[in-house]
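Residue-level structural notes
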Amino acid sequence: MYPIVKVNIKKYRENCRRVKQIAEERGLTVVPVTKAFSAMPELVQALYEEGFSVMADARIENLKSIGERTKATTLLLRLPMISEADDVVQYADISLNSEWETIVALDRAAREVGKTHRVIVMVELGDLREGMPPDQVLELCRQIGDLQNIALEGIGCNLTCYGGVIPTQENLGVLVELAEEIEQALSIRLPVISGGNSSAISLLMDGTLPSSINQLRLGEFLMLGNDTASGEHVKGYHNDIFVLEAALIELKEKDSVPTGIIGFDAFGQVPTFEDRGRMLRGIVAVGKQDTVLDKMVPLDPEIEIIGGSSDHILLDMTARRGAYKVGDVISFRLEYPAILGVFTSKYVKKIIE
Ligand SMILES: *Cc1c(COP(=O)(O)O)cnc(C)c1O
């Protein structure tokens with residue numbers, strides 16, 4: 001039965017509704033990103049009911065599931081593999097791209113099934129993950145114009161993912177100017193300027209996001225209300241939507257420092273310990289195979305995570321002597337990497353609250 005991740009769908013809807021309203025006042029479309037919760041069907045359904053008409057994910061499997069449950073337009077976030085071109089045109093209406101060869105493969109795949117596939121060209125603005133250098137984007141867009149089954153949906157960028165570079169009016173300004181240059185040089189209109197992810201949230205909130213940016217792709221902000229550029233939580237948004245429940249399988253008074261000669265732990269590290277004397281130690285039945293230990297917070301503030309291994313998490317429960325017994329359930333609020341972990345683990349049951 002345990003471990004279980006419980007999702008409070010009402011709170012998720014509230015986060016989504018709140019940011020959607022702010023975005024709409026600024027003429028901006030929010031594209032919810034579903035990858036961290038593996039496009040859980042109930043959440044996808046809720047997003048659709050809340051009026052989000054485009055949804056994005058990094059994996060074809062998840063887009064397929066979105067397409068089976070809703071009429072939403074689907075957007076593939078991760079640059080397509082050439083080998084998956086057929087699936088991309090079948091399950092994604094739009095994809096993010098930065099490679100001519102891949103776009104040609106998509107064009108061919110789209111032609112075979114009589115479709116037009118829409119492409120957003122990604123621009124490298126300094127974070128050093130995906131994207132075309134700005135000075136080569138116009139030429140790529142020009143070439144795309146010659147392809148029969150590809151439509152140029154727009155240009156976009158992704159920041160604060162690898163290099164930690166935060167979005168500013170300057171780097172986003174490059175994107176905006178580039179869009180104007182493309183529209184003039186090619187006499188076209190770009191329907192979408194996709195200005196990034198949850199790290200752009202503070203620019204949206206304080207009104208400094210360049211006005212021609214008309215789309216943000218939001219995952220973490222909707223799930224946790226975090227401004228990922230500053231790492232700060234934005235007041236008024238829920239951060240306890242995803243809660244992991246795990247069962248106590250041992251609860252004993254033990255030393256705080258191991259006895260014996262210390263070698264490597266299960267993950268090849270030499271562990272160090274702080275002597276806190278005798279303590280009440282708990283073990284819950286969930287581990288590094290399922291989640292990320294330092295990205296989960298016990299809901300009981302008197303409990304502390306002290307470590308773990310593949311299948312166990314060790315807890316300091318000294319401050320809660322007498323409060324728990326073996327078999328009880330310990331609950332944790334999850335941050336982004338832990339949410340990603342539990343949804344990917346086949347050992348964690350997922351339920352809606
Ligand atoms: C994951 C991803 C996002 C969403 O990022 P968040 O920080 O969760 O908002 C947006 N765009 C791309 C390309 C992504 O891969």
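Residues numbered from 1 in each chain as written. Predicted model: local features only at pLDDT ≥ 70, side-chain atom pairs only at ≥ 80, totals over all residues. Heavy atoms only, no water.

**Considerations on helix α3 (residues 60-69)**
Under the convention used in this document: Exposure categories follow from relative accessible area, calculated using a 1.4 Å probe and restricted to protein chains: below 20% of the type maximum is buried, above 50% is exposed, and the middle band is partly exposed. Under the scheme used here, helices are H or I runs from DSSP no shorter than 4 residues and strands are E runs no shorter than 2 residues, and both carry numbers assigned from the N terminus. The contact rule is simple, with two residues in contact once any of their heavy atoms fall within 4.5 Å.
Taken together, the buried positions of α3 are Ile-60, Asn-62, Leu-63, Ser-65 and Ile-66. Turning to α3, the residues buried within the fold contact α2 (41-49), β3 (54-57), β4 (73-76) and α4 (85-91).

**As for the pairing of β3**
Heads up, the rule is: Each pair of strands is called paired provided DSSP finds at least two bridges between the two strands. By convention a crossover is right-handed if, when the strands point away from the viewer, the path from the first strand over the helix to the second runs clockwise.
The alternating pattern of β3 places Val-54 and Ala-56 and Met-55 and Asp-57 on opposite faces, both of which are buried. Relative to β4, β3 runs parallel, the two sharing four bridges. Across the sheet, the residue bridging to Met-55 is Thr-74, located in β4. In terms of handedness, the path from β3 via α3 over to β4 forms a crossover that is right-handed.

**Comments concerning the state of the cysteines**
Where we set the bar: The disulfide criterion used throughout: a pair of cysteine sulfur atoms within 2.5 Å.
Per the stated rule, a full pass over the model turns up zero disulfides. Left without a disulfide partner, Cys-161 is nearest to the cysteine sulfur of Cys-157, which lies 11 Å away.

**Remarks on the pattern of salt bridges**
Where we set the bar: Salt bridges, as used here, are contacts in which a Lys or Arg side-chain nitrogen is within 4 Å of a carboxyl oxygen on Asp or Glu.
Summed over the entire model, instances satisfying the criterion amount to 20 salt bridges. Between Glu-253 and Arg-321 there is a salt bridge; the shortest N-O distance is 2.7 Å. One end of the pair, Glu-253, is in strand β12 (residues 242-254); the other, Arg-321, is in the loop between β16 (312-316) and β17 (329-334), and 68 residues separate them in sequence. Judged by relative accessible area, which is 47%, Arg-321 ranks as partly exposed. The closest approach of N and O atoms between Arg-276 and Asp-316, which form a salt bridge, is 2.8 Å. Residue Arg-276 is found in the loop between β12 and β13 (279-284), and its partner Asp-316 is found in strand β16; the two are separated by 40 residues along the sequence. By relative accessible area, Arg-276 is classed as partly exposed at 35%. Via salt bridges that share partners, Arg-13, Arg-17, Glu-49 and Glu-50 belong to a single interconnected network.

**As for a negative patch on the surface**
Just so we agree on the cut-off: Residues form patches when they are more than 30% accessible in relative terms and have no salt bridge. Like charges link within 9 Å. Nonpolar side chains (Val, Leu, Ile, Met, Phe, Trp, Tyr) link within 5 Å. Every accessible area reported is derived by Shrake-Rupley at a probe size of 1.4 Å, with residue values counting cover from the shown protein chains alone. The charged-residue count follows a simple rule in which Lys and Arg add positive charge and Asp and Glu add negative charge, with His and chain termini not counted at all. Working definition for charges: the position is that of NZ of Lys, CZ of Arg, CG of Asp or CD of Glu.
Residues Glu-61, Asp-86, Asp-87 and Glu-112 make up a contiguous surface patch of negative charge. Tracing the backbone through its elements, the reader meets Glu-61 in helix α3. Given a relative accessible area of 58%, Glu-61 falls into the exposed group.

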